[in-house]
Amino acid sequence: MTTLPHRTATALVIVDVQNDVMVGVHERQRVVDNIVALVSRARETSTPVIWVQHSAEKELRFGTDGWKILDALPVVPGDPIVHKKHGDAFEDTTLAEELAAAEAGHVVVAGAQTDFCVRSTLHGALVRGYDVTLVSDAHTTENLTEWGAPPPAQVIAHTNMYWNNQTAPGRAAVAVVTEKVTFGRPIP
């Protein structure tokens, strides 16, 4: 259903699962385990895996230990790594070019943080013509209730609910659990 002509492939996009980002996030180990399972299944089906890494001057300084992708994740040589400085992984990055090279019109998204970079990237993909699957049990966020945000479990549940109800002409937006992710076309 993508509006990108001749883009029949799927790509798995893992957003900002970096050392400092993942400190104190909700259900960290479950999310990491689900991402590892997704990457394994993607590789079995020759689905490209694209890693996204955020950097900023004050936090997540490029090249520091906190900026690095978690060691527990199966990054292999040849996997594209997209470096970003904005919430939306498409803004001023090579993500669109990586997806074009893979002929991907469908992106499966997992990672952190739900209420910032994951959400921005979901919308960025949809408005650029991609079908977008959010892996509902493979994204997470930290507790920001001190600043007026709902508890992390509610942020995640709300994001899953509203993403499953997104619409756009000629595109699909769904949220599904890890075990129901299909690498190919999105679930109708």
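A.B. asks: Looking at this model, I keep getting lost on the sheet that holds strand 4 (residues 104-112). Mind explaining?
C.D. replies: In a beta sheet, neighbouring strands are held together by backbone hydrogen bonds and run either parallel or antiparallel to one another. Spatial strand order, 3-2-1-4-5-6: six strands in an open sheet with parallel pairing. Lying at the two open borders of the sheet, with one neighbouring strand each, are strand 3 (81-84) and strand 6 (173-176). When the angles between neighbouring strand axes are averaged without regard to direction, this sheet yields 25°. Pairing analysis gives six bridges linking strand 4 to strand 5 (residues 131-140), with the strands arranged parallel. Residue valine 108 lies in a different strand from strand 5, and its bridge partner there is threonine 133.

A.B. asks: When you look at the pairing of strand 1 (residues 9-15) in this model, what are you seeing that I'm missing?
C.D. replies: Where a strand is regular, its side chains alternate between the two sheet faces. Across the seven residues that make up strand 1, a large majority, six, are buried. As defined by bridge partners, strand 1 adjoins strand 4 across seven bridges and the pair is classed as parallel. Residue pairing in the sheet places threonine 10 in a bridge with histidine 106 of strand 4. Each parallel crossover has a hand, and the one from strand 1 via helix 1 (residues 28-44) to strand 2 (residues 49-54) is right-handed.

A.B. asks: Would you mind going over the pattern of salt bridges with me for this structure?
C.D. replies: Two side chains with opposite charge may pair up if their charged atoms get near one another. Evaluation of the coordinates by the stated rule reveals seven salt bridges. Residue arginine 61 pairs with glutamate 57 through a salt bridge whose shortest N-O separation is 3.6 Å. In this structure arginine 61 comes out as partly exposed when scored by relative accessible area, which is 46%. Judged by relative accessible area, glutamate 57 falls into the exposed class, the value being 59%. Across the pair glutamate 91 and arginine 128 runs a salt bridge, and its minimum N-O distance is 3.0 Å. Remark: arginine 128 occurs in the loop between helix 3 (114-127) and strand 5 and glutamate 91 occurs in the loop between strand 3 and helix 2 (95-101); sequence separation between them is 37 residues. Shared partners join several salt bridges into a network, and the residues in it are Asp88, Glu91 and Arg128.

Calculation criteria
Residues numbered from 1 in each chain as written. Predicted model: local features only at pLDDT ≥ 70, side-chain atom pairs only at ≥ 80, totals over all residues. Heavy atoms only, no water. Pairing = 2+ DSSP bridges. Helix = DSSP H or I, 4+ residues; strand = E, 2+ residues; numbered from the N terminus. Axes fitted to C-alpha atoms, helices over the stretch in contact; angles between N-to-C directions. Buried < 20%, exposed > 50% of the residue type's maximum accessible area, 1.4 Å probe, protein only. Right-handed = clockwise from strand over helix to strand, strands pointing away. Salt bridge = Lys/Arg side-chain N within 4 Å of Asp/Glu carboxyl O.

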